[in-house]
Amino acid sequence: MMETIIKVSNLSVSYGPIQALRGIDIEVRQGETVTLIGANGAGKTTLLQTLSGLLKPREGTIELFGENIGRKPPHERVKMGLIHVPEGRAILGRMSVEDNLLMGAYCRDDEKEIQEDMEKIYNLFPILREHARLPARTLSGGQQQMLAIGRGLMARPKVMMLDEPSLGLAPIVIGEIFSIIRSLRERGITVLLVEQNAKQALKVADRGYVLENGRITHADTGINLLHSEEVLKAYLGA
Ligand code: ATP
């Protein structure tokens, strides 16, 4: 059995009177790619934001590498290797591509290794090297998503949480983003992927969870969910 990296137990989160998550239990193990799918408003973003420490749970526990991190601020979770690539990418458009990447290393002080990692990321995404000195807003949507993932990699993640990386991208670019997600796995990075694009997400994922109205309604392997009639009807447009 692989080591458990993230373990969420009985997690509930509210925005004032609105309960967004109810009694969530999920587990992510070493090296897995796990996807969370579900309709708009199901609570996917809320779950990632709670894991990264941006939102406080009303109830329940979050363990990272067996340690209860419920009271740790976001930057300490980053130091432990939990990296969040948010929905909408959060690129700083007027800053250069290079400075956006360097921002990902804000919790590190190993200058030489930071430079080496920059080099690796430019090799992984040559387009970012070509545009290194340009303002990030001049990149296309797909390139900005690569930048957001590259910035996440600069933090040396053990677990990467990606919120809707394919949102708003053309089909061919979506294909590129999914192959990048596959390559994260090859690098040994554990991935928690939130996607509207359920079909492709289930294809890259070892396992998936379906969220409906703040609850987990299905939990299974990616392949089984991909072939489940119920899930097909609700999320895969069949
Ligand atoms: P999407 O794909 O649209 O982001 P989601 O599955 O990520 O959907 P969440 O954004 O987590 O869903 O939202 C879950 C629920 O919480 C929704 O009912 C939403 O309206 C509500 N919600 C989200 N953010 C807030 C907020 N800041 N204040 C109040 N309610 C919120």
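The protein chain appears in an unreviewed UniProt entry as Branched chain amino acid abc transporter, ATP-binding protein from Heliobacterium modesticaldum.

Peer 1: Looking at this structure, I do not really get the overall build of the protein chain. What am I missing?
Peer 2: Looking only at helices and strands, one finds ten helices and ten strands in the protein chain. Its C-alpha atoms give the protein chain a radius of gyration of 17 Å, near enough to 18 Å, the size a compact globule of 238 residues would have. Of all 238 residues assigned to the protein chain, the portion counted as buried reaches 50%. Partitioning the intrachain contacts of the protein chain with sequence separation of at least 6 by distance along the chain shows that 66% fall at a separation of at least 24. For the protein chain, the exposed area adds up to about 11300 Å²; of that, 50% sits on carbon and sulfur atoms.

Peer 1: What am I meant to see in the pairing of strand β10 (residues 215–221) here?
Peer 2: Within a regular beta strand, the side chains point alternately toward one face of the sheet and then the other, so they alternate between its two faces. Examined bridge by bridge, strand β9 (residues 207–212) and β10 share six bridges and lie antiparallel to one another. When the bridges of β10 are listed, Leu211 appears paired with Ile216. Linking β9 back to β10 in an antiparallel pair, the connection comprises two residues, with Asn213 at a positive phi of about 45°.

Peer 1: Would you mind showing me how to read the sheet that holds strand β7 (residues 159–163) here?
Peer 2: Within a sheet, each strand pairs with its neighbour through backbone hydrogen bonds, oriented either parallel or antiparallel. Strand order across the open sheet formed by six strands is β6-β7-β8-β3-β9-β10, with mixed pairing between neighbours. Each edge of the open sheet is held by one strand with a lone partner, namely β6 (82–85) and β10. On average, each strand axis in the sheet is tilted by 15° relative to the strand beside it, whichever way the strands run.

Criteria and cut-off values
Residues numbered from 1 in each chain as written. Predicted model: local features only at pLDDT ≥ 70, side-chain atom pairs only at ≥ 80, totals over all residues. Heavy atoms only, no water. Helix = DSSP H or I, 4+ residues; strand = E, 2+ residues; numbered from the N terminus. Rg over C-alpha atoms; globule rule 2.2 N^0.38 Å. Buried < 20%, exposed > 50% of the residue type's maximum accessible area, 1.4 Å probe, protein only. Contact = heavy atoms within 4.5 Å. Areas by Shrake-Rupley, 256 points an atom, 1.4 Å probe, with all protein chains shown as cover. Pairing = 2+ DSSP bridges. Axes fitted to C-alpha atoms, helices over the stretch in contact; angles between N-to-C directions.

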